[in-house]
Amino acid sequence: MLLKGNTTTPEFPDVVNDTFINLLITNNQYTEAYTLLSGCNQLTIAGSYNLILCIIQAEEYTQAILKADEVFRLIQTRVPQTNRNENETVKMLRTKQCRLDTYRAPVTLEYVKTFPGILRESVLRLKIDCYRATGNWNKVIETASQLICKEYKNVETALQEAENKLK
């Protein structure tokens, strides 16, 4: 039930709950997550990133790339970069994590604030996946050049495929 003067409808809220969206995406309920995110009046960076995940699931790669460009710019201009000292345990965990598809997991606003550098790289990784899916091998190489020496599995695979296709 809506209160008088409230113009927000349950279908299109002003703000979407990150935790609920994460639950939907984690449970492969991309339709529901997309419906809420695309109808939201004020998407956060986290909401926009999660929307990219939904768009990729729909195989709308051009639209996903455009949204990824927007999110990348927002991260660069609105989120302060943090420098964290990494001990050996963190380095080992990061090395193992690079081999996984964790960049395809939904994020929260807290994640955006805490790990902006990782999120920026995750956006680039999503773009590489989109360029690979569309066969845009030059863009795969161009985008991957920003992640050289990171040892991300999807980036290495896409680069190898791009080099083979462009021979």
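Keep in mind that this is a model prediction, so the values were computed, not measured.

The rules we used
Residues numbered from 1 in each chain as written. Predicted model: local features only at pLDDT ≥ 70, side-chain atom pairs only at ≥ 80, totals over all residues. Heavy atoms only, no water. Helix = DSSP H or I, 4+ residues; strand = E, 2+ residues; numbered from the N terminus. Buried < 20%, exposed > 50% of the residue type's maximum accessible area, 1.4 Å probe, protein only. Lys, Arg positive; Asp, Glu negative; His and termini not counted. Salt bridge = Lys/Arg side-chain N within 4 Å of Asp/Glu carboxyl O. Contact = heavy atoms within 4.5 Å. Polar contact = N/O pair within 3.5 Å; in protein donor to acceptor, adjacent residues only side chain to side chain. Expected span 1.5 Å × (residues − 1). Arc of directions from axis to C-beta. Axes fitted to C-alpha atoms, helices over the stretch in contact; angles between N-to-C directions. Parallel < 35°, antiparallel > 145°, perpendicular 65-115°, else oblique. Left-handed = near helix turned anticlockwise from the far one by under 90°. Nonpolar A, V, L, I, M, F, W, Y, C, P; charged D, E, K, R; others polar. pLDDT = per-residue confidence, 0-100.

Asker: For the side chain of arginine 125, give the residues involved together with the corresponding values.
Answerer: Among the secondary structure elements, arginine 125 is positioned in helix H7 (residues 116–134). For arginine 125, which is buried and forms no salt bridge, the nearest opposite charge comes from aspartate 101, at a distance of 4.9 Å. Other than its neighbours up to four places away in sequence, arginine 125 contacts Cys98, Leu100, Tyr103, Leu147, Tyr152, Lys153, Asn154 and Val155.

Asker: I'd like a rundown of the pattern of salt bridges, residues and numbers included.
Answerer: Taken as a whole, this structure holds eight salt bridges when the rule is applied. We note a salt bridge from aspartate 129 to arginine 104, for which the minimum N-O separation is 2.9 Å. Of this pair, aspartate 129 sits in helix H7 while arginine 104 sits in the loop between helix H5 (88–97) and helix H6 (109–114); the two residues are 25 residues apart in sequence, bridging distant segments of the chain. Taking the relative accessible area as the measure of exposure, aspartate 129 reaches 12% and is therefore buried. The class for arginine 104 is partly exposed, based on a relative accessible area of 33%. With a closest N to O distance of 2.5 Å, glutamate 161 and arginine 132 form a salt bridge. Remark: arginine 132 occurs in helix H7 and glutamate 161 occurs in helix H9 (residues 153–165); sequence separation between them is 29 residues. According to the relative accessible area criterion, arginine 132 is partly exposed, its value standing at 32%.

Asker: Describe H5, listing the residues and the values that go with them.
Answerer: Within H5, only zero of the ten residues are buried, which leaves it mostly out in the open. The backbone nitrogen of threonine 89 has a side-chain oxygen 3.0 Å away, supplied by the residue at the start of H5, namely asparagine 87.

Asker: Provide a residue-level description of H9, including the pertinent values.
Answerer: In this model, H9 (13 residues) spans 18 Å end to end at C-alpha, consistent with the 18 Å of a helix rising 1.5 Å per residue. Among all positions in H9, only Asn154, Val155, Ala158, Leu159 and Ala162 are buried. The buried residues of H9 occupy one face: seen down the axis, they fall within an arc of 130°.

Asker: Could you give an account of the packing of H7 against helix H8 (residues 137–144), with specific residues and numbers?
Answerer: Packing of H7 against H8 brings their axes to within 8 Å, and their N-to-C directions diverge by 165°. By the angle between their axes, H7 is roughly antiparallel relative to H8. Crossing hand, H7 versus H8: left-handed. Packed against H7, whose contacting residues are Leu124, Lys127, Ile128, Tyr131 and Arg132, the element H8 presents Trp137, Lys139, Val140, Thr143 and Ala144 at the interface. Per-class residue counts for the contact of H7 with H8 are six nonpolar, one polar and three charged.

Asker: Could you give an account of the confidence of the model for the protein chain, with specific residues and numbers?
Answerer: This prediction gives the protein chain a mean pLDDT of 89; 90% of its residues lie at or above 70. Helix H3 (residues 45–57) holds the highest mean pLDDT among the elements of the protein chain, 98, whereas H5 holds the lowest, 88. Note that residues 1–9 has pLDDT below 50 and, in this model, five contacts with residues that lie over four places away or in other chains.

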